Amino acid sequence: MPALRKRSRPSAHADPGSSGARSIRLDESACHEVARRDPLSADALLANLPAMNAAADVSELAKGLRQLVWRARRVELLQVADRLAAMRDVGMLLSSLQRHGVEPLDAVPETTDALLAWGLSVDMVPRDTALHYGLWNPQDKRQRMFLGDRQEHVLIDAVRVGTLLIDEMAPTLAGLAELHPGDGAFGEICHKAADQLGTLPEVMDAVYRNVDPVEFYAARLRPFMADVTVADRQYYGPAPVHVPLYLIDRLVWSADHPDADLRYFHNDLVRYGLPQWRKLFERTEGATSLVTRLGYEFDRPAPPATRVAYAMDGVIRIMNALVTFRGKHNLMAGGAYTDASRFPTGTAGVSPGLLDHVLTLTRDCARHARSRRTGARS
């Protein structure tokens, strides 16, 4: 059984609530709008963040956090983009203080109210996430970085690419619930999604070529992804594991999969996403996955229609891309988290054993889909 760190659920006042933003767009224009904002005048401070972290200057980090919160009390953050940018910038200091052994909200208690208010107003958790660190982070010289290293830039860019891809793809795949597998558009959508998803293994290749999993990620960057306590509840750091691949899993193969560890893992991660991702995830609980729907068509006495076979080919391509991506990701994770590592588990409390377990489930499902396509029954 893969190891999972069990966590208590956040209280009602800290969970993404029923009020606030209903949909936060992630198209290029909307992301740029957040990235360009500097509502707390944090540019100069955060340009110096790598130097403060290199010196472990806890005093200056706490002073900077206090300064940003003080400014937040004196400006009206009327636009959602401003609140997201404010959470992004405050979050960089939260994570930096935590990395150096200081619980940030103990050091600067007045930060708590701001985090809770910003989180509630946009219907997200009350701290920064991979979205803030990735998509809503400027891509120019203003880019917020903990270390200022080229390898960190590669990881941030990988989060950007993967998240945008999945955010675009998931609603389209969800729309297949309204189509019959024999509809020509069904197969076309599956193959287009497979083409798009094929980018993810390429992204992971770039990470693997350019980021040292042990000396850089595990030893230097991973400590900035630690949990932070907000209003007596712990929240994960802005880690790449929160790229919402669980949405593709859910729609393509896992919605009707009974595995308890997979379900717990996905339910834990989805809290750190956008409101519309959580809604999509919740409404597809127990739904019939694409693999299962197409499998039913192959179970009929008559041979499947050509369009159905074409659709199954597309879904198999999606599954193959997921297997390839997870294999590459697990290879990097296995290098980063060893018995000698300071962090025996990854961010979000995920063990390499769990990642291997999810890969096995994905591979088994892909094999099952291929066997249906070729006429074997398993």
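Analysis parameters
Residues numbered from 1 in each chain as written. Predicted model: local features only at pLDDT ≥ 70, side-chain atom pairs only at ≥ 80, totals over all residues. Heavy atoms only, no water. Helix = DSSP H or I, 4+ residues; strand = E, 2+ residues; numbered from the N terminus. Buried < 20%, exposed > 50% of the residue type's maximum accessible area, 1.4 Å probe, protein only. Contact = heavy atoms within 4.5 Å. Areas by Shrake-Rupley, 256 points an atom, 1.4 Å probe, with all protein chains shown as cover. Arc of directions from axis to C-beta. Polar contact = N/O pair within 3.5 Å; in protein donor to acceptor, adjacent residues only side chain to side chain. Core = buried A, V, L, I, M, F, W, Y, C linked by side-chain atoms within 4.5 Å. pLDDT = per-residue confidence, 0-100. 1 Å grid on protein atoms, 1.4 Å probe; cavity = no way out; pocket = protein on both sides within 12 Å on 5 of 7 lines; lining within 4 Å. Points joined across faces, edges and corners; volume = space filled by probe spheres on them. Nonpolar A, V, L, I, M, F, W, Y, C, P; charged D, E, K, R; others polar. Axes fitted to C-alpha atoms, helices over the stretch in contact; angles between N-to-C directions. Parallel < 35°, antiparallel > 145°, perpendicular 65-115°, else oblique. Phe/Tyr/Trp six-rings, centres within 6.5 Å; stacked < 30°, edge-to-face > 60°. Lys NZ or Arg CZ within 6 Å of the ring centre and 35° of its normal. Salt bridge = Lys/Arg side-chain N within 4 Å of Asp/Glu carboxyl O.

Engineer: Lay out the overall build of the chain with the relevant residues and their values.
Structural biologist: Along its length, the chain carries 18 helices and two strands. Across the 378 residues that make up the chain, the buried fraction comes to 57%. Across the chain, every contact between residues at least 6 apart in sequence was considered, and the portion connecting residues at least 24 apart equals 81%. Counting only carbon and sulfur atoms, one obtains 52% of the accessible surface of the chain, whose full area is about 15,900 Å².

Engineer: I'd like a rundown of helix H12 (residues 213–221), residues and numbers included.
Structural biologist: Among the residues of H12, Pro213, Phe216, Tyr217, Ala218 and Leu221 are the ones counted as buried. For H12, the arc enclosing every buried residue in end-on projection is 160°, short of the 170-degree limit, so these residues lie on one face. One side-chain oxygen at the N-terminal end of H12 lies 2.9 Å from the backbone nitrogen of Val214; it belongs to Asp212.

Engineer: Residues and numbers for the nonpolar core, please.
Structural biologist: Among the nonpolar cores identified, the biggest contains 121 residues, and Trp118, Trp136, Leu173, Ile248 and Val252 are the most heavily contacted of them. In terms of residue count, the dominant contributor to this core is helix H17 (residues 306–336) (14 residues).

Engineer: Give a detailed account of the confidence of the model for the chain, specifying residues and quantitative values.
Structural biologist: Chain-level pLDDT for the chain is 89 on average; 89% of the residues reach the 70-or-more range. Of the regions scoring below 50 in pLDDT, residues 1–20 engages in 51 contacts with residues more than four places distant in sequence or in other chains.

Engineer: So what's going on with the side chain of Arg142? Which residues, and what values?
Structural biologist: Inspection of the secondary structure assignment puts Arg142 in the loop between helix H8 (130–133) and helix H9 (150–174). The buried category is assigned to Arg142, whose relative accessible area is 19%. Within the local environment of Arg142, its side chain forms a polar contact with the backbone oxygen of Arg37, the two atoms lying 3.3 Å apart. A polar contact of 2.9 Å, which involves the side chain of Arg142, links it to the side chain of Asp43. Apart from the residues lying within four places of it in its own chain, the contact partners of Arg142 are Ala35, Arg36, Arg37, Asp38, Asp43 and Arg88.

Engineer: Go over empty space enclosed by the protein, please, and point to the residues and values.
Structural biologist: A complete count under the given rule lists six cavities of 30 Å³ or more for this structure. Reported here for the second largest cavity is a volume of approximately 70 Å³. If you trace the second largest cavity, you find it lined by Arg250, Ser254, His257, Asp259, Leu262, Arg263, His266, Asn267, Phe281 and Glu285. By residue class, the composition of the lining of the second largest cavity is two nonpolar, four polar and four charged.

Engineer: Mind laying out helix H15 (residues 275–283), listing which residues take part and the relevant values?
Structural biologist: Because each turn of an α-helix spans 3.6 residues, side chains separated by three or four positions in sequence point in the same direction. By the burial criterion, the buried members of H15 are Pro275, Trp277, Arg278, Leu280 and Phe281. Looking at the packing, one finds that the buried side of H15 touches helix H7 (111–122), H8, H9, helix H13 (245–254) and helix H14 (260–270).

Engineer: Just give me the short version of the packing of H9 against H12, but keep the residues and values in it.
Structural biologist: Direction vectors running N to C along H9 and H12 enclose 85°, while the axes themselves pass 11 Å from each other. By the angle class used here, H9 and H12 are roughly perpendicular. Contacts between H9 and H12 involve Gln151, Glu152 and Leu155 from the former and Phe216, Tyr217 and Leu221 from the latter. Residue composition of the contact of H9 with H12, by class: four nonpolar, one polar and one charged.

Engineer: Residues and numbers for the packing of aromatic side chains, please.
Structural biologist: Each aromatic ring pair is specified by the distance between its two centres and by the angle formed by the two planes. Taken as a whole and judged by the stated rule, the model has four aromatic pairs. The positively charged end of Arg99 is found above the aromatic ring belonging to Phe224, 5.7 Å away from the centroid. Residue placement shows Arg250 over the ring face of Phe281; its charged tip is 3.6 Å from the ring centre.

Engineer: Requested: an account of the environment of Arg144, with residues and values cited.
Structural biologist: Position of Arg144 relative to the elements: it lies in the loop between H8 and H9. You can call Arg144 buried: its relative accessible area is 1%. Once the C-alpha coordinates of Arg144 and Ala42 are considered, the two residues, 102 residues apart in sequence, prove to be 9.9 Å apart. Not counting chain neighbours up to four residues away, the residues in contact with Arg144 comprise Asp38, Ala42, Asp43, Leu46, Arg88, Asp89, Met92, Tyr133, Asn137, Pro138 and Ile156.

Engineer: Can you break down the pattern of salt bridges residue by residue, with the values?
Structural biologist: Going through the model one piece at a time under the given rule, you end up with 24 salt bridges. Between Asp27 and Arg25 there is a salt bridge; the shortest N-O distance is 2.7 Å. Taking the relative accessible area as the measure of exposure, Arg25 reaches 51% and is therefore exposed. Residues Asp195 and Arg317 are paired through a salt bridge, measuring 2.5 Å at the closest nitrogen-oxygen approach. Of this pair, Asp195 sits in helix H10 (residues 184–197) while Arg317 sits in helix H17, and the two are 122 residues apart along the sequence. Overall, Asp195 belongs to the partly exposed group, its relative accessible area being 48%. Here the salt bridges do not stand alone but share partners, grouping Asp38, Asp43, Arg88, Asp89, Arg142 and Arg144 into one network.

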